[in-house]
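# Analysis of the macromolecular model
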Amino acid sequence: MSVNTDFERVLKIGRPPNIGRLFPHSRALLVSGKVIDRALQAKGQAMTMAANGRNFFVIRGALMAAQRADAAIIIEIARSECAYCPVNFYNIARQVDAVCNELGITVPVAIHADHYGIKSEADLPFAKTEIPSMFDAGITSIAIDASHMPDDLNLLANIELNSYIPTWAGLETEVGEIKGAEGLSSVEDASFLIKGLNAYGISADWIALNNGTTHGLEASGQGIQVELTAEIHRHLEPYKVSGAQHGTSGNNSDKLRAIAAQTHTTKANVATALQMVSWGLEVNDYGNAIRDDHGNFRKVAGEGMSEENWQKMVAYAEEKGWKGGNYKNLNLPFERQLLAQERGIRERMSRRVEEFVYNMLVNVFNALGTASIAREIILAAGSYDLGPKAERIESPAEWTREKIIDKARALAGDKGPAGHFDD
């Protein structure tokens, strides 16, 4: 069978129903997050990038890099990012589909709604209407993040919302807010969440932990605690859940190679680094923006956006009192100006992202060739729906609401300080 014939078959059977309805004539291989996870699992000691598409240039550059590396990839946006970025849950699939068709991208791409935050039980009624609407708009994978709440309410929220998520979709869950070295996740609280979901027949594809990272700019230098992550993943092996690594931007390449090689992580979120790279700021080898002695970002002449637009952004940020990680708020007000630049400048913004993402996929994450693996997985399954990874192990009778509350009381550990820990 020829390669072209294989791709036609994958395209026909691999796209979920919502993607087929939205893009009936598309040749973009938008797939469930399950496909991406299992391709990286199949390769082994590998993870791929979940690129937070805060702007059009990040989306374009990440897709070009994935095609070049033959790597399955995830393009995502977090719920909090929808408030300050032009890309949101309702247009991200359309942007990805358009770029894939324009550039002839053939690698499998999942469209992930990251950190769908549930801060309290009062958020649940709206979530029950918004989540189906997001899938109607092309989302193929979602992270239910109720980690801001106590363990019992986190689990109960995940259970309550599960029926609003298509069974074919990728599913991520989270235990412990991402808040650096404080409030680290433990075997006990991660097991509580995964076992409780399993009792209800819910097989999460990924679990995100607080394993020492932070969102945004990494200042502590400690980053991922690889041994802690590996220990938690070992205890979860019967439930076949992979790891989702958040806060990747602030960690050096050696630590990221270790998380790929020594844990069951298959998904690595990269947000702030890609934003900074696209803008043309000076970054180190793993994407952490470099600042001068006064704490100001350094723009590389002739890279990223025009110098004129950078000066406008700096002045706007100063007027608003935005510093450091709060530069993320510049995405929305400046997207039109960045898109209005001459073609050469737009292209160099995307190319800079491409080079950064390609290096990460190939030389750090070990994702080379996983697009071909993912297509083979779809062909072998004969469907867009790969089904759950794990069978039910836990007894539902042991995980009633009352018993969930009782079990949660027995969990020890410091959850760390309260505060604002969103992306």
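Within any chain, residue numbers begin from 1 and follow the written order of that chain's sequence. Per-residue local features are limited, in this predicted model, to residues with pLDDT of at least 70; the limit for side-chain atom pairs, both in listing and counting, is 80 or more; totals at the level of whole chains, interfaces and linings are taken over all residues. The side-chain numbers reported here are obtained from all heavy atoms of the structure, hydrogens and water having been left aside.

Among all residues except glycine, the phi angle is most often negative; among peptide bonds, the trans geometry is most common. The backbone phi angle of Asp70 is positive, close to 50 degrees, even though this residue is not glycine. You can see Asp70 is positioned in the loop between α4 (56-69) and β3 (73-78). When accessible area is computed with a 1.4 Å probe and restricted to protein chains, residues below 20% of their type maximum are described as buried, those above 50% as exposed, and intermediate ones as partly exposed. When its relative accessible area of 21% is taken as the criterion, Asp70 is described as partly exposed. With a phi close to 45 degrees, His115 is a non-glycine residue in the positive phi region. Summarising the element assignment, His115 is placed in strand β4 (residues 109-117). Going along the chain from the N terminus, every DSSP run of H or I of four or more residues is numbered as a helix, and every run of E of two or more is numbered as a strand.

For every residue, the predictor reports its confidence as pLDDT, a number between 0 and 100. For the protein, per-residue confidence averages 93 on the pLDDT scale, and 92% of positions sit at 70 or higher. Across residues 215-221, confidence stays below pLDDT 50; counting only partners more than four residues off in sequence or on other chains, it has 21 contacts. By the convention used here, residues are in contact when the closest approach between their heavy atoms is within 4.5 Å.

All right, on to the environment of Ile393 then. Summarising the element assignment, Ile393 is placed in the loop between α15 (370-381) and α16 (401-409). Spatially, the C-alpha atoms of Ile393 and Ala143 are 23 Å apart, while their sequence positions differ by 250 residues. Discounting chain neighbours no more than four positions away, the residues touching Ile393 are Asn198, Pro238 and Tyr239.

Our next topic: the packing of aromatic side chains. Side-chain rings of Phe, Tyr and Trp, where Trp is taken by its six-membered ring, are said to pair if the distance between their centres is within 6.5 Å; with planes under 30 degrees apart they count as stacked, over 60 as edge-to-face, and otherwise as tilted. Counted by the stated rule, this structure contains 10 aromatic pairs. Arranged with centres 5.6 Å apart and planes meeting at 55 degrees, the rings of Phe192 and Trp399 form a pair that is tilted. In this pair, Phe192 sits in helix α8 (residues 187-199) while Trp399 sits in the loop between α15 and α16, placing the two residues 207 residues apart along the sequence. Here Phe192 falls in the buried class, since its relative accessible area comes to 5%. One cation-aromatic arrangement involves Arg68 over Tyr358; the distance from NZ or CZ to the ring centre is 3.9 Å. By definition, being over a ring means that NZ of Lys or CZ of Arg is both within 6 Å of the ring centre and within 35 degrees of the ring normal. Between Arg79 and the ring centre of Tyr116, over which it is positioned, the NZ or CZ distance is 4.2 Å.

Once that is clear, we can look at the side chain of Thr140. With respect to the element layout, Thr140 can be found in the loop between α6 (124-136) and β5 (141-145). Accessibility expressed as a relative area gives 0% for Thr140, which makes it buried. Contact partners of Thr140, with chain neighbours within four places excluded, come to Pro16, Ile19, Val31, Ser32, Gly33, Ala110, Ile111, Phe135, Trp168, Ala169 and Gly170.

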